[in-house]
Amino acid sequence: MNSLIRTLFRKELLDASRDKRSVMAGLYYALGTPILMCLLFAVLLKQLSSTDELFITIENASAAPALVQFLKTKEISHAEESKAKAIRLSISEGFEQQMQQGRPATVIIDADHSDDRLLSSIRRVERALGQYNNEVARLRLMARGIDPTLMRPVDVQTHDQATPDSRGGMFLGIATLTIILTLFYASMNLAIDTSAGERERNSLTLLLSQPLSSLQLVLAKVGAITCFSMLGLVVILFVSKFAYGLVPWEQLGFNIRLNADFMLFTLLVGLPLAMMSASLQVLVSFLAKSFKEAQTYVTMVLFIPLTLSMVTTYNIATEYVQWLPIAAQQQAMIEFLKGSALPLPQLLVSTLLTLALFAVFSFSSSLLLKSEKVVFGL
Amino acid sequence: MIKVTDLYKKIGSVQALNGLSFQADNGTITGLLGPNGAGKTTCLRTLFGLLKADSGKAEIDGLDIATQTRQARTQLGLFPDPFGLYERLTPREYVQFFAELNGMAKAEASQATAEVLTLLQMNDIADRRCEGFSQGQRMKTALAQAIVHQPTNIVLDEPTRGLDVMSTRVLRDLLLTLKNQGHCVLFSSHVMQEVAALCDQVVVMARGQLVAQGSPAELCAATGKSSLEEAFIALIGTDEGIAA
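So, how was this worked out
Residues numbered from 1 in each chain as written. Chains lettered and ligands numbered in written order. Predicted model: local features only at pLDDT ≥ 70, side-chain atom pairs only at ≥ 80, totals over all residues. Heavy atoms only, no water. Domains from an automatic or database assignment. Contact = heavy atoms within 4.5 Å. Buried area = accessible area lost by both parts, 1.4 Å probe. Salt bridge = Lys/Arg side-chain N within 4 Å of Asp/Glu carboxyl O. Polar contact = N/O pair within 3.5 Å; in protein donor to acceptor, adjacent residues only side chain to side chain. Helix = DSSP H or I, 4+ residues; strand = E, 2+ residues; numbered from the N terminus. Nonpolar A, V, L, I, M, F, W, Y, C, P; charged D, E, K, R; others polar. Core = buried A, V, L, I, M, F, W, Y, C linked by side-chain atoms within 4.5 Å. Buried < 20%, exposed > 50% of the residue type's maximum accessible area, 1.4 Å probe, protein only.

Right, let's get into the domain arrangement of chain B. Residue and element names in this part refer to chain B. If you check the domain split of chain B, you get domain 1 (1-75 + 152-244) and domain 2 (84-150). The gap between the C-alpha centroids of domain 1 and domain 2 is 25 Å. Taken together, the contacts link 15 residues of domain 1 with 11 residues of domain 2. Where domain 1 abuts domain 2, roughly 1000 Å² becomes buried across the two surfaces, and 74% of that area is made up of carbon and sulfur atoms. Where domain 1 meets domain 2, there are zero salt bridges. Counting across the interface, domain 1 meets domain 2 through zero residue pairs in polar contact (both at pLDDT 80 or more). Of all the secondary-structure elements, those providing two or more residues to the side of domain 1 that touches domain 2 are helix H2 (69-74), strand S7 (153-157) and helix H6 (165-180). Residue classes in the side of domain 1 that touches domain 2 are distributed as eight nonpolar, five polar and two charged.

Right, dumping it as structure tokens:
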């Protein structure tokens, strides 16, 4: 039994490793994605860390020189309409007079609130005006001999508990997403080739005519594909280590450092996922009638791991989803990188679930290979 | 020895096998002759246990393929149509792989592979990958795969298709050698000359049934014809399939 699986496994490995195009197509993902992500992160960090000067249109600026000066200290200033964002701050005609009389002086923020790209700029203007309001009110109270703290019955203090590492949540999410998806993308072509391809090249019927069971055949195939998935994982871990080392993290005060411990941990939690991924792709490929059909179906099925990973990346996983394969493993990787406690119960349950799925998928494939319809593509 | 008894098999709406019975003995070359669509391939696939018969049974050396599948298969060598080669493997790797699948230990399989490659005069191509092989080289590789584990029974599906004279000779000589060694050789064909020249026994089938069984000479005598081709047409009652 075991020696037959070994023989089959060796042949699958040899045959697949000589299929240079398929192997490389899988590795391109592992090689390219971290580099792309590195560029993306660099751009994102630049946007996040630089508080660019905000240009808006200020009408009737001469009526409120103090306000305009205050806004300038907050890096909000007037510019021609062509250069400025589509936010217009109109200072009313009677502003100066109303100010002097201590009555509310009107300013109007004129902007499209449905424009998402404008929203943060609008909030920034509103915040600056609010601060100006407080500033003037405080001065007025003091002039009347009243303690301005009267106007602040509750002293709200915010203590930010975010450590530099935890602040990089989204970056960690994206980095781990690309790593975990390798297990699915690196071996996709080989999985299709060894199943739908084997049938299309007429060698499947010859194999099934030999004294072996279809389960042995499926396990050998899944084993070989798992090896290539894990190879993809090793490659992406190393490339990520170097690529993320080039990102100028210091701008945001945290860092993604993939050390040897993390790599070992990822290989460990990744192995069951690789087995599950291989068995799933083989099953789907056998279910398809042809090579091309298999490519379409496998691509469609890969939306499931993508979704589970996305949900974890953007931290919108519900309580149940956190126990599912892929989601739990990725969450554990994120926590490991942050240096926080690992979600061990979730990780354990999802690993067992992953292995159960691997067993179900492999067994289903072996049943399929007993069906005349599937074997001969009838 | 291969024995087929009262096989019935329906594929889709077609009754591919309709009560087929015949026997192929050891030390004999038996030709399975029939027009296109007669059920030859279905019959062979049932023999390997790839298709399950609706009723009836197929036995390999007395082992029922449906119930004792694995034991029965070790007694079978299969030369399929199409060949089912792995383009990225060399003949040596390919043949050794099948030897090991049939239960040979690695060293034993390696030895047997070397012997069969020499027997088929394939040493010049033994370590080249199969992609780009000629039809003759492919045939030899498939043949080596079928006989490497020395099965009692060798089944060949349309072995002479697309072969040149030299390759046909290699094949013919090998089949005769196997016969003299006491193997049971069963091959399907619709090339009359080939069957007439090689076969001791001819099983003529049409529409999923046995039409006649006997030596070429017996078939000619029974139909009163001078050639196997004429006898064949007389037996199946139409000239359908002869052109192929």
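Let us keep going from here.
As a further point, take the nonpolar core. Ranked by internal contacts, the top residues of the largest apolar core, which has 163 residues, are A:Tyr244, A:Trp249, A:Ile256, B:Ile2, B:Leu156, B:Leu175 and B:Leu186. Those residues in contact with A:Tyr244 that sit more than four places away from it in its chain are A:Pro34, A:Met37, A:Cys38, A:Phe41, A:Ala175, A:Thr178, A:Trp249, A:Ile256 and A:Leu258. If you look at the next biggest cluster of nonpolar residues, it comprises 20 residues, including A:Ile56, A:Ile91, A:Phe95 and A:Tyr132.

This part takes up the pattern of salt bridges. Any two side chains of opposite charge can pair, given that their charged atoms come close. Under the criterion given, the structure shown has 20 salt bridges over all chains. The partner of A:Glu59 in a salt bridge is A:Arg88, and the shortest N-O contact between them spans 3.2 Å. Residue A:Glu59 is located in strand S1 (residues 54-59), and its partner A:Arg88 is located in strand S3 (residues 88-91); the two are separated by 29 residues in the primary sequence. The partner of A:Arg201 in a salt bridge is A:Asp193, and the shortest N-O contact between them spans 3.2 Å. For A:Asp193, a relative accessible area of 12% corresponds to the buried category. Sharing partners across several salt bridges, the network here consists of A:Asp15, A:Asp19, A:Asp193, A:Arg201 and B:Arg88.

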